[in-house]
Amino acid sequence: MVNVSVWQLPQSRSKSPPYMSKTQISATFEQVAILLELDGANRFRVIAYQNASRALATLEEDLFLVVKENRITEIKGIGKGIGGLISEAVLNGTWGNLGELYSKIPHGLIEMTGVPSLGPKRVRLLYEKLKIDSLEKLKYACKDNQIALLQGFGQKSQEKYLEGIDLLKRYQGRNRLDVGLAYGRALEEKISKIPNVVKAQLAGSARRMKETIGDLDIVLAAKAEHQDGIIQEIMNFSGIADIKGQGTSKISLILEAEMLAEPIVNNEMDTALLESITERSTNATIDAQIRIVNPEIFPFTLAYFTGSKEHNIRMRQRAIDKGLKLNEFGLFSQNKAEDKISIEAVKNTLVCSNESQIYKNLGMDWIPPELREDMGEIEAASKRNLPKLIKLEDLKGAFHNHTTSSDGAATLKEMANYAINLGWEYLGIADHSESLNIGGRQIGIPSGEIINQSIEIKKLNKYFQNENINFKIFHGSECDILSDGKLDYSLDLRNSLSHVIGSVHALGSWKNRDESTNTEFLIKAIEDPTFTILGHPTGRILQGREGFPVDMHAILREMAEFNQEGILKAVEINASPFRLDLDWRFCKYAKELGVPICINPDAHDTQGLNDVWYGTKIARKGWLEDKDVLNTKNKSEIEILFGK
DNA sequence: GCCGTTTTCGGCCCGACTGTTTTCAGTCG
């Protein structure tokens with residue numbers, strides 16, 4: 001979850017405790033886990049740091065408070081050792097003896113583990129035996145035939161590493177959800193068309209709708225006698241950059257852009273997904289794993305490879321508690337499963353023809369894939385208490401959209417017509433405010449000109465009324481939150497609008513300040529009486545740039561207080577697949593606090609309105625139901641809320 | 001390094017595939 005880019009221990013800029021934020025400590029522990037692995041540490045110690053990192057990232061409470069009250073080891077996954085480190089980081093701003101680990105491991109080893117089939121153990125061995133501590137040195141050693149001569153290595157490993165170094169340059173790491181889905185659906189469809197394929201379905205993080213996708217997992221069901229032939233057909237697909245591995249039950253491929261050559265025909269997906277395909281650099285690649293199983297095993301394999309890993313661990317534990325054993329081949333009674341692993345064991349499985357029966361056998365409701373992150377869904381499904389997740393059809397409009405008056409490509413009228421065709425009851429227009437400049441060019445609407453937009457909107461609304469069209473345009477603004485937390489435009493102007501979406505655009509000063517200062521300024525903006533919705537709360541661009549540091553839990557708590565007093569302060573899920581900000585991990589907390597969430601496409605053209613598809617998926621991932629989302633309300637309800 | 005209603009030790013999810021071995025360790029998901 002944490003983007004690891006700088007390999008050093010954070011230094012505090014604060015003059016008094018808390019010296020470190022939970023985000024900083026969480027990111028540090030993720031790095032520590034990697035360094036420990038390279039150091040040859042016990043693998044469970046590595047896992048302990050990974051778990052602690054995750055526990056901190058999902059901690060809703062104020063960390064400083066937890067540390068002060070000596071409750072740090074009450075958090076599951078944090079014991080005496082790691083708890084001590086956390087307290088020290090928060091109260092003193094120091095990191096115990098972690099500094100030793102950081103200076104001991106050459107950081108070049110980290111990028112070496114990125115080479116396919118080269119892991120921490122072998123990287124360490126290469127470093128110890130040949131003093132290789134960078135990709136360059138590795139490349140040289142391969143060409144110089146040094147690797148093949150090493151004990152435990154050979155000619156094939158050497159060739160693989162050399163190839164891997166080149167592939168690494170084309171590999172972009174994770175991919176945005178839209179890009180991952182485009183590749184995933186393309187491969188899924190191609191495989192489905194092969195004769196004798198009973199079923200092929202995308203699993204993994206793409207099925208769980210994670211905001212970024214590492215690699216693709218596809219589960220393929222076919223009768224045993226057809227499997228070899230099908231594997232051969234897949235290997236002959238165009239658009240395969242490399243074959244990483246191939247067995248009787250699994251193929252591991254690297255896909256390249258040619259995979260997308262044939263258009264996807266899929267009635268569920270919208271144009272936004274198809275558009276994303278063309279935006280993709282043609283030289284980039286994505287990894288894909290295909291599992292081939294007999295049809296009766298399919299639901300188990302699908303569930304297993306949908307994950308997440310954390311969800312699966314809990315599921316297996318639950319099976320054990322019930323005297324059963326769950327794996328990717330079936331659900332067995334413990335005694336019958338003895339000594340029978342893998343495909344042989346299937347003869348003893350409890351028959352489940354779909355995923356829902358697997359959950360049922362474990363005394364649970366079927367869990368939608370988006371929720372399978374071990375964020376409380378196991379408990380909820382056991383108590384038959386899962387949320388009734390929001391659907392795309394529940395949306396009645398959206399509030400954050402642009403027109404040609406600022407940096408949009410479509411006119412007010414074009415945007416409105418498209419929204420009407422989507423079946424919406426309203427469209428909120430929120431063009432940029434006066435201060436927004438990009439590259440010296442003014443993007444936002446000058447305060448003197450906003451009246452023109454207002455007149456045009458009133459005219460259109462009158463027309464809709466006269467023609468008996470149940471549709472209204474709400475005139476808002478995406479108003480810049482300036483670096484000191486003040487809002488752009490005059491108070492009078494903001495008061496004249498139906499809604500004010502406060503967004504940070506000039507990220508510079510926000511990225512250079514610490515978390516608590518940013519949180520303070522953002523709260524100041526939210527407190528402004530004209531402020532309605534917080535736009536793209538951190539300013540992140542997925543796979544592009546990190547957002548500015550801010551304590552989102554604290555922000556949401558602040559917004560909750562206003563809502564308790566009946567004053568609307570909502571937070572947006574920016575539905576653009578480039579952003580998906582608010583992060584879904586905060587949605588459940590917002591929901592529990594009663595802070596309304598708004599799924600906003602931030603559309604800059606008519607097609608952009610379709611991005612609410614992604615926003616809805618992310619909202620589902622964040623446990624949201626229709627009642628938690630502001631833009632599921634109908635037109636008249638919104639008129640009352642906005643007072644316009 | 002964490003955890004505990006078989007609790008202070010001995011587990012911690014586990015199977016496929018690969019290459020280098022001649023029975024297995026490392027990597028990956």
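Up top is the structure.
Counting of residues starts from 1 at the beginning of each chain's written sequence and follows it residue by residue. Each chain gets a letter, beginning with A, and each ligand a number, beginning with 1, in the order they are written. At least 70 in pLDDT is required for a residue's local features to be given in this predicted model, at least 80 for side-chain atom pairs to be given and counted, and no such filter applies to totals for whole chains, interfaces and linings, which use all residues. Note that water and hydrogens are dropped before the side-chain values are worked out from all heavy atoms of the structure.

Caption draft 1: Representation of the state of the cysteines in the model. To count as a disulfide, a pair of cysteine sulfur atoms needs to be within 2.5 Å. If you walk through the whole model with that rule in mind, you get zero disulfides. Distance from the sulfur of C479, which forms no disulfide, to the nearest cysteine sulfur (C598) is 16 Å. For every residue, the accessible area obtained with a 1.4 Å probe (protein chains only) is divided by the maximum for its type, and the residue is called buried under 20%, exposed over 50%, and partly exposed between those limits. We classify C479 as buried; its relative accessible area is 0%. Free of any disulfide, C598 has its nearest neighbouring cysteine sulfur in C587, separated by 12 Å.

Caption draft 2: Spatial organisation of the protein's contact with DNA strand B. Near DNA strand B there are 46 residues, and of these G77, S117, G154, Q246 and R316 occur at the shortest range. Pairing of N or O atoms within 3.5 Å defines a polar contact, subject to two protein rules: one partner must be a possible hydrogen donor and the other a possible acceptor, and residues neighboring in sequence count only if both atoms are side-chain atoms. Note that a phosphate oxygen of DNA strand B is positioned 2.9 Å from one of the backbone N or O atoms of R122. Interatomic distance of 3.4 Å between a backbone N/O atom of Q155 and a phosphate oxygen of DNA strand B. Of all the secondary-structure elements, those providing two or more residues to the surface near DNA strand B are α2 (43–57), α4 (80–92), α7 (120–130), α9 (155–170), β5 (240–246), β7 (285–293) and α15 (309–321). Split into classes, the residues belonging to the surface near DNA strand B amount to 14 nonpolar, 17 polar and 15 charged. A cutoff of 4 Å decides nearness: a residue is near a molecule or strand if any of its heavy atoms lies inside that distance of it. By the criteria applied, helices consist of DSSP H or I runs no shorter than four residues and strands consist of E runs no shorter than two, each listed in order from the N terminus. In the scheme used here, Gly and all other residues not listed as nonpolar or charged are polar, with Ala, Val, Leu, Ile, Met, Phe, Trp, Tyr, Cys and Pro taken as nonpolar and Asp, Glu, Lys and Arg as charged.

Caption draft 3: Up close: the sheet that holds strand β2 (residues 199–202). Here, any two strands with at least 2 DSSP bridges between them count as paired. Taken together, five strands build an open sheet; the order of strands is β2-β4-β7-β6-β5 and the sheet is mixed. Of all strands in the sheet, those bounded by a partner on one side alone are β2 and β5. For this sheet, the mean angle separating the axes of adjacent strands, direction not counted, is 20°. One ladder, built from four bridges, connects β2 with strand β4 (residues 216–221); its direction is antiparallel. Think of each axis as a best-fit line through the C-alpha atoms, taken over the contacting stretch in the case of a helix, with angles from 0 to 180 degrees between the N-to-C directions.

Caption draft 4: Local environment of helix α26 (residues 612–621). Burial of α26 is extensive: ten of the ten residues sit out of reach of the surface. Where α26 is concerned, the buried positions are V612, W613, Y614, G615, T616, K617, I618, A619, R620 and K621. Looking one or two residues past α26, W623 carries a phi angle of roughly 75°, positive in sign.

Caption draft 5: Just the pattern of salt bridges, in detail. Take a side-chain nitrogen of Lys or Arg and a carboxyl oxygen of Asp or Glu: if they are within 4 Å of each other, that pair is a salt bridge. What the rule picks out here adds up to 30 salt bridges. Note that E370 is salt-bridged to R620, the shortest N-O span being 2.7 Å. On the criterion of sequence distance, the pair formed by E370 in the loop between α17 (355–361) and α18 (377–382) and R620 in helix α26 is long-range, its members being 250 residues apart. In the salt-bridge network here, residues are joined through shared partners; they are D39, K104, R124 and E128.

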